[in-house]
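# Working through the structure, step by step
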Amino acid sequence: MYIRKLIALAILSYATQASALNLDILLNGILTKPEVRKLVTSAQTLMTANISPAGTLPGTVIASPSQSMPDYYYMWIRDAALTMEVVTDRPTLLNYADLSLKQQQGPAIAGLGEPKFNVDGTDFTGPWGRPQNDGPALRAVTAIKLANALIAEGQMSYVQTKLYDGRLPSQSLIKNDLEYVAAHWRDANVDLWEESTGQHFYTLMAQRNALLLGSTLANQLNDTQAAAYYSEQAQNIEDTLPEFWDDSRGYILTVLDQTNGPNHDSGLDVSVILAALHSTQGEQTFGVTDDRILATAYNIQQAFAGLYAINQQSEFQNLGTAIGRYPEDQYNGTASTASTLANPWFLATAAYAELFYRASGEFKLAGEIEISDLNKPFFESLHSLNGATLNVGDIYRAGDAMFTEIVNGLVTDGDRFIARVRFHANGDSLSEQYDRDNGFEQGAHDLTWSYASLITALNARPQ
Ligand code: NOJ
């Protein structure tokens, strides 16, 4: 142990990130319950600082306080919705809903598919990748969660005026978004990374999720025709999702029919993992234990393991693989040109922790794991298996030693991804990216979505 410590210290002083905290993470990636609580609390504090900061309208979620290189001082619909999903403070949620309704009613260039707004509530009118149709779907889901909580408390009047009025044309936040999603999911649009135009697995998954949740809400509020329409469109989306599966490559492609934007030749993209994580409905297809998701996760992880120098230092074997957006990515956090190289992202790395945690929980619940051609490499790569080979067709059940190895191994490997996040963080602060070579934070500092992703990951950790 002492020698390992000395070696680790020597490496760390080179890496210049030497601190007692980083050394602990390096030597022991496994999280304790008090550590989980501490991390969540601190991420919540830092995330909350980016909600309605002074000088912005109440309910505004800035993507980051950074106002130049890059300028992220705007409210992105996607980032805001994913952030508000983990906010529990009621007045903050109501401010967000009121502001979102105002944004919907403005004359935005892309209508409801408008990706971002100024912090004074006015439209952003500069050139941008439009429309981004994951936004209305994610916003609807966050607002439906709020509506469900209000309904449970009997607060129907706010719900039926501001959130879901059941009228056409609608004057309410959720119904506006659902109508838009139901009518426009076939449209080519710009992806969540704001770069490529085409059909996106992530966007379609978010849209299906919103329509399924929306259908249940519509039924509850006696808008039965709309409920049927939403679930029919959700089913239509579900029928197109298998087109993203590339049988010869053995993983899910992020984009189809791409007409412009950066090279996506590998088809690999962490957005596919985010798609599984951000969908709570229809989990039987493309959920976190779906073989196709696990096969894709394995392939993405392999690609980044080979791509980033910080993934190749054997001394850091306790840290999970640093994960970026997609292998061909050139956006380095401030610029995107042929001469720049992208880096791993905190939210992408935290997503892997969440995937592993949630998969562990779901397999435990199911009580059974069947090894298939598709999931075999994923399971065999777990550290807890120590290089053991698994046989296709084998079924492990609760009580079997291998079942326990796998469900526990998913949690400890999930912890390794969290350790990776913590190791590269600047204290508790999380930026957007961390440098692929030296490990330092890169790009927008205090990225709101980085905090939200760490919180959802830790909340998903089986206790
Ligand atoms: C760029 C990211 O690719 C996009 O997903 C995000 O919405 C914005 N930055 C703001 O954080």
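Here the residue index of a chain counts from 1 through its sequence in written order. Reporting in this predicted model follows two pLDDT cut-offs: at least 70 for local features of residues, and 80 or more for side-chain atom pairs to be given and counted; totals over whole chains, interfaces and linings ignore these cut-offs and use all residues. Side-chain calculation: all heavy atoms of the structure are included, whereas hydrogens and water are not.

Looking now at the site of the ligand. We call a residue near a given molecule or strand whenever any one of its heavy atoms falls within 4 Å of it. Close to the ligand lie 13 residues; Tyr72, Arg78, Asp79, Leu192 and Arg325 are nearest. One nitrogen or oxygen atom from the side chain of Tyr72 is found 3.3 Å from a nitrogen atom belonging to the ligand. Using a 1.4 Å probe, the Shrake-Rupley method yields the accessible areas, and only the shown protein chains count as cover for residues. When the ligand is considered free in solution it has 300 Å² of accessible area, and contact with the protein chains removes 97% of it. By the criterion applied in these results, polar contacts are pairs of N or O atoms within 3.5 Å in which, for protein atoms, one can donate a hydrogen and the other can accept it, and in which residues neighboring in sequence qualify only through two side-chain atoms.

Quick look at the pattern of salt bridges now. For salt bridges, the criterion is a side-chain nitrogen of Lys or Arg within 4 Å of an Asp or Glu carboxyl oxygen. Under the counting rule described, the total for this entry stands at 20 salt bridges. Residues Glu114 and Arg130 are paired through a salt bridge, measuring 2.9 Å at the closest nitrogen-oxygen approach. Note that Glu114 is positioned in the loop between helix H5 (90–105) and strand E2 (116–117) and Arg130 in the loop between E2 and helix H6 (134–152), a separation of 16 residues in sequence. Comparing Glu114 with Arg130, the two get one shared label, buried. Its salt-bridge partner being Arg397, residue Glu368 comes within 3.4 Å of it at the nearest N-O pair. Residue Glu368 is located in strand E8 (residues 368–370), and its partner Arg397 is located in strand E9 (residues 395–397); the two are separated by 29 residues in the primary sequence. Remark: exposure states derive from per-residue accessible area (1.4 Å probe, protein chains only) relative to the maximum for the residue type, with buried under 20%, exposed over 50%, and partly exposed in between. Exposure remark for Glu368: the relative accessible area of 36% places this residue in the partly exposed category. What makes Arg397 partly exposed here is its relative accessible area of 42%. Beyond isolated ion pairs, a larger network of salt bridges with shared partners links Arg78, Asp79, Asp134 and Glu194. A helix here means a DSSP run of H or I that spans at least four residues, while a strand means a run of E at least two residues long, and both kinds are numbered starting from the N terminus.

The topology assignment puts Gln233 in helix H10 (residues 224–240). Taking relative accessible area as the criterion, Gln233 reaches 8% and is therefore assigned buried. Contact between two residues is taken to exist if any of their heavy atoms lie within 4.5 Å; hydrogens are not considered. Discounting chain neighbours no more than four positions away, the residues touching Gln233 are Ala182, Trp185, Arg186 and Leu211.

What follows deals with the sheet that holds strand E7 (residues 255–260). Strand pairing in a sheet relies on backbone hydrogen bonds, with the paired strands running either antiparallel or parallel. One requirement defines pairing of two strands: DSSP has to find at least two bridges between them. Taken in spatial order, the three strands line up as E3-E4-E7 in an open sheet, and their pairing is antiparallel. Across the chains shown, the open sheet's two edge strands, defined by having one partner strand only, are strand E3 (189–190) and E7. Sheet analysis places strand E4 (residues 197–200) next to E7, joined by three bridges and oriented antiparallel. The residue of E7 that forms the bridge with Gln199 is Leu256.

Our focus in this paragraph is the side chain of Ser453. Counting through the fold element by element, Ser453 comes out in helix H16 (residues 448–459). Of note is the side chain of Ser453, whose polar atom sits 2.8 Å from the backbone oxygen of Ser450. In contact with Ser453, not counting residues within four places along its chain, are Phe346, Leu347, Ala350 and Glu354.

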